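Spelled out from the first residue to the last, the chains are:
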Amino acid sequence: MTSILGISALYHDSAAALVVDGEIVAAAQEERFTRKKHDAEFPQHAVEYCLREAGIQPADLDFVGFYDKPLLKFERLLETYLATAPSGIRTFLMAMPVWMRQKLHLPREIRRGLGGAFRKSCVFAEHHESHAASAFFPSPFDEAAILTLDGVGEWATSSFGYGRGNQITLTHEQHFPHSLGLLYSAFTYFTGFRVNSGEYKLMGLAPYGQPKYVDLILKKLIDLKEDGSFRMDLSYFNYCAGLTMTSRKFDRLFGRPPRQPEAPLTEQDMDIAASIQQVTEEVMLRVARHVHQQTGMKNLCLAGGVALNCVGNGRILREGPFDDLWIQPAAGDAGGALGVALLIWYQLLGNRRETNRNDLQHGSLLGPQATDSEIRVFLDSVGARYRLLPDDEQLCDHVSDLIAQEKVVGWCQGRMEFGPRALGGRSILGDARSTKMQSVMNLKIKFRESFRPFAPSVLEEKTDEYFEMRHGQQSPYMLLVAPVRESHRVAVNGADAASSGIDKLKVLRSRVPAITHVDYSARVQTVDPRRHGRYHRLIEKFQEKTGCPMVINTSFNVRGEPIVCTPEHAYRCFMATNMDVLVLERFVLLKTEQPNAKEHEINRYLAEFQLD
Ligand SMILES: [Fe+2]
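Here goes a summary of the coordinates provided. (Residues numbered from 1 in each chain as written. Predicted model: local features only at pLDDT ≥ 70, side-chain atom pairs only at ≥ 80, totals over all residues. Heavy atoms only, no water.)

**What to know about the coordination of the iron ion**
The criterion, for reference: For Na, K and Ca the donor cutoff is 3.2 Å, while for all other metals N, O and S atoms count as donors only within 2.8 Å; water does not appear among the atoms, so some sites may look incomplete. Secondary structure follows DSSP: runs of H or I at least 4 residues long count as helices, runs of E at least 2 residues long count as strands, and numbering of each begins at the N terminus. Buried, partly exposed and exposed residues are distinguished by accessible area as a fraction of the type maximum, computed with a 1.4 Å probe on protein chains only: under 20%, between the cut-offs, and over 50%, respectively.
Distances from the iron ion to its protein donors, His127 (NE2), His131 (NE2), Asp150 (OD), Asp150 (OD) and Asp333 (OD), fall at 2.1 to 2.8 Å. In primary-sequence terms, the residues that donate to the iron ion follow H-x3-H-x18-D-x182-D. Here His131 and His127 lie together in helix H6 (residues 127-136), a separation of four residues that amounts to about one turn. Relative accessible area serves as the criterion here: at 1%, His127 is assigned to the buried category. Take His131: its relative accessible area is 1%, and that puts it in the buried class.

What follows is the structure, encoded as structure tokens:
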């Protein structure tokens, strides 16, 4: 037996993944255990969980892999500083303590993290290699082109090549400071969202605006080539030398300073969001065409933070040259932990790789699961009132009724998801047909910005009826955005058609309004019985009763909170918010029956987490 632990840490989204004889046994992000979103510390808890899942000790591990090369990254930092000195001194000094304390002594840190019991080799992969490995090795393809689109690792900010059998070969790179990820993050910063977490909000905001600034961005900020590579005019950016993403010159270009976090969103913010989104999609499409032409491959694998831009992914699939696309669900740095472990198993050890139609990622349901007895002991300890339904059939029957009555349901089932999206393991569910759900869920359940869209989980076999996707197209990881079909749209006329900015939100656009974004798009998760068992059955039941083959699926957390992991996290979130129902495996709790349900708990609860 060969056990390989992969670790990603000390930059962003620490995580651990365990691969045993080529099988992905467990993977989890540290934030879920420590309850600190994007926790970047050494992933002590995630490592312990992975070993526990496999029933092994640190001494049983054959290899530990780290997802990037700290010395190369250090070199980039040093060279960037020297190139911008003395103005880069602040960035440099800010970064130094953690390098001196931890990053330059990683083998020591890793051995210490494993309690001193691990004495075999530590392997360090390059950052984009880890991303590429996480994209190709779990994919359903025997061979495919590979594209990584990222902020920055060591030097590479994007790379491409191909994978064949058990080997990947990366042939091209674009280097720091020219980076699609950093460009998008600069606009995330400028529109008042948090870098490395608010990118998703910027993408969600884009459909409210007009892409008025596309030409300006292409003329002034980046010099985009036909092959999708580009150079940035660095006088507009400040991330090499300063502590901000954009410079004064950038402010002058848009005639205003960056939006302050939580300040009201203006139409200009929306237009800027629409513009950078369109430029990003254009870059992604050009790169995809170039990669196709260079590799001659039929399929494409994607990873790196930009691969979470599911609007861009959807366009690559619909308009790009590839037959099919597979995207690592943990596309950001957490996924590097899985990538490096698989890289060691296949590339370094040369083990055979066999693919199957469903990929090797197991629905990304790779985290901890609570047992019935653990749930019961916990619920009894807090005095909760609950019913235990005897089987899945009765459970799904009951819960689908509640959803159809517009109840908001916390759904905590099976193993926790690996990656940033909730996929039916740790989700909050609601009725997609409801006209009030979008606002109820944003404002009363998740306490987040009202403009943010919700996504549907739809029965795989019904997906192409509702969305412009080809029959049988899978999207189990919610990484593809597709338009709602014309036949399910509702005609918009008069004053509604002329609405602009955030008012677009109030217009009814389809028969499933809660998951239809203002541009008629939806971020689709396909649900199938092979991966999703009970969750699939629930949606089937809901369809039998209502004719609607989908529910709203949003992550089980409030704003700023990592997605819940344990029954206790789920119960606390349920009790603090206006959620109506909590389902923990087959245990069902109704809020109205809880003796401890109090009003206004939410402020205390929200204060535990930092706004994202
Ligand atoms: Fe990365």
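Now, onward.
**Regarding the environment of Asp269**
Selection rule: Should any heavy atoms of two residues lie within 4.5 Å, those residues are considered in contact.
Following the sequence through the fold, Asp269 ends up in helix H11 (residues 267-295). In sequence terms Asp269 and Leu51 are 218 residues apart; their C-alpha atoms lie 46 Å from each other. Apart from the residues within four sequence positions on either side, Asp269 is in contact with Thr191, Leu205, Arg256, Arg259 and Pro264.

**Here we look at unusual backbone geometry**
Peptide bonds are mostly trans, and most non-glycine residues show a negative phi. The amide bond that connects Phe176 to the next residue, Pro177, takes the cis arrangement and shows omega of 0°. Counting through the fold element by element, Pro177 comes out in the loop between strand S8 (167-175) and helix H7 (180-190). Even without glycine at this site, Asp21 takes up a positive phi of about 50°. By the element assignment, Asp21 lies in the loop between strand S2 (15-20) and strand S3 (23-29). With a phi close to 70°, Asn196 is a non-glycine residue in the positive phi region. Positionally, Asn196 belongs in the loop between H7 and helix H8 (199-205).

**Points about the packing of aromatic side chains**
Condition: The aromatic pairing rule takes the rings of Phe, Tyr and Trp, using the six-membered ring of Trp, and pairs them if the centres are within 6.5 Å, calling planes under 30 degrees apart stacked, those over 60 edge-to-face and the rest tilted. Two conditions define a charge sitting above a ring: the NZ of Lys or the CZ of Arg must be within 6 Å of the ring centre, and it must be within 35 degrees of the ring normal.
By the definition in use, this model includes 22 aromatic pairs. Between Phe187 and Phe254, the ring centres sit 6.0 Å apart and the planes meet at 85°, which makes this aromatic pair edge-to-face. One end of the pair, Phe187, is in helix H7; the other, Phe254, is in helix H10 (residues 248-254), and 67 residues separate them in sequence. For the residue pair Phe187 and Phe254, the accessibility class agrees, reading buried in each case. Here the aromatic cluster, defined as three or more aromatic residues joined through ring pairs, consists of Phe176, Phe187, Phe190, Tyr213, Phe237, Tyr239, Phe250 and Phe254. Positioned over the ring face of Phe193 is Arg259, at 4.9 Å from the centre of the ring. Its guanidinium or amino end placed over the ring of Tyr520, Arg489 lies 4.3 Å from that ring's centre, counting from NZ or CZ.

**Let's talk about a positive patch on the surface**
Using the following cut-off: Any residue with relative accessible area above 30% and no salt bridge may belong to a patch, with like charges joined within 9 Å and the nonpolar Val, Leu, Ile, Met, Phe, Trp and Tyr side chains within 5 Å. Method for areas: the Shrake-Rupley scheme with a 1.4 Å probe, in which residue coverage is limited to the protein chains shown. Salt bridges are counted wherever a side-chain nitrogen of Lys or Arg sits within 4 Å of a carboxyl oxygen of Asp or Glu. Charge convention: Lys and Arg are scored as positive, Asp and Glu as negative, and His as well as the terminal groups of each chain are ignored. Taken as the charge centre is NZ of Lys, CZ of Arg, CG of Asp or CD of Glu, depending on the residue.
On the surface, Lys219, Lys220, Arg248, Lys249 and Arg252 cluster together to form a positively charged patch. Contributions of two or more residues to the positive patch are made by helix H9 (214-221) and H10. For the positive patch, the element with the highest residue contribution is H10, accounting for three residues. Relative to the helices and strands, Lys219 resides in helix H9. For Lys219, a relative accessible area of 69% gives the class exposed.

**Considerations on the environment of Tyr605**
Relative to the assigned elements, Tyr605 resides in helix H21 (residues 602-606). Sequence spacing of Tyr605 and Arg511 is 94 residues, and the spatial spacing of their C-alpha atoms is 35 Å. Not counting residues up to four positions away in its chain, the partners in contact with Tyr605 are Val558, Glu561, His569, Arg572, Cys573 and Ala576.

**Describing the pairing of strand S4 (residues 63-66)**
To keep it simple, the criterion reads: Here, a strand pair is defined by DSSP locating no fewer than two bridges between the strands.
The alternating pattern of S4 places Phe63 and Gly65 on one face and Val64 and Phe66 on the opposite face, and all of these are buried. Summarising the sheet, strand S1 (residues 3-8) and S4 pair through four bridges and their orientation is parallel. By the bridge assignment for S4, Ile4 is matched with Phe63. Here S4 runs beside strand S5 (residues 121-124); their pairing, made up of four bridges, is parallel. Paired with Phe66 across the two strands is Phe124, which belongs to S5.

**Focus: the side chain of Arg256**
To keep things clear, this is the line we draw: In the analysis that follows, any N or O atom pair within 3.5 Å is treated as a polar contact, provided that within protein one partner can donate a hydrogen and the other can accept it, and provided that, for residues neighboring in sequence, both atoms belong to side chains.
Looking at the secondary structure, you find Arg256 in the loop between H10 and H11. A distance of 3.4 Å separates polar atoms of two side chains, one belonging to Arg256 and the other to Gln268. For Arg256, the side chain forms a polar contact with the side chain of Asp269, separated by 2.7 Å. The contact partners of Arg256, leaving out residues within four places of it in the chain, are Phe190, Thr191, Asp251, Thr266, Gln268, Asp269 and Ile272.

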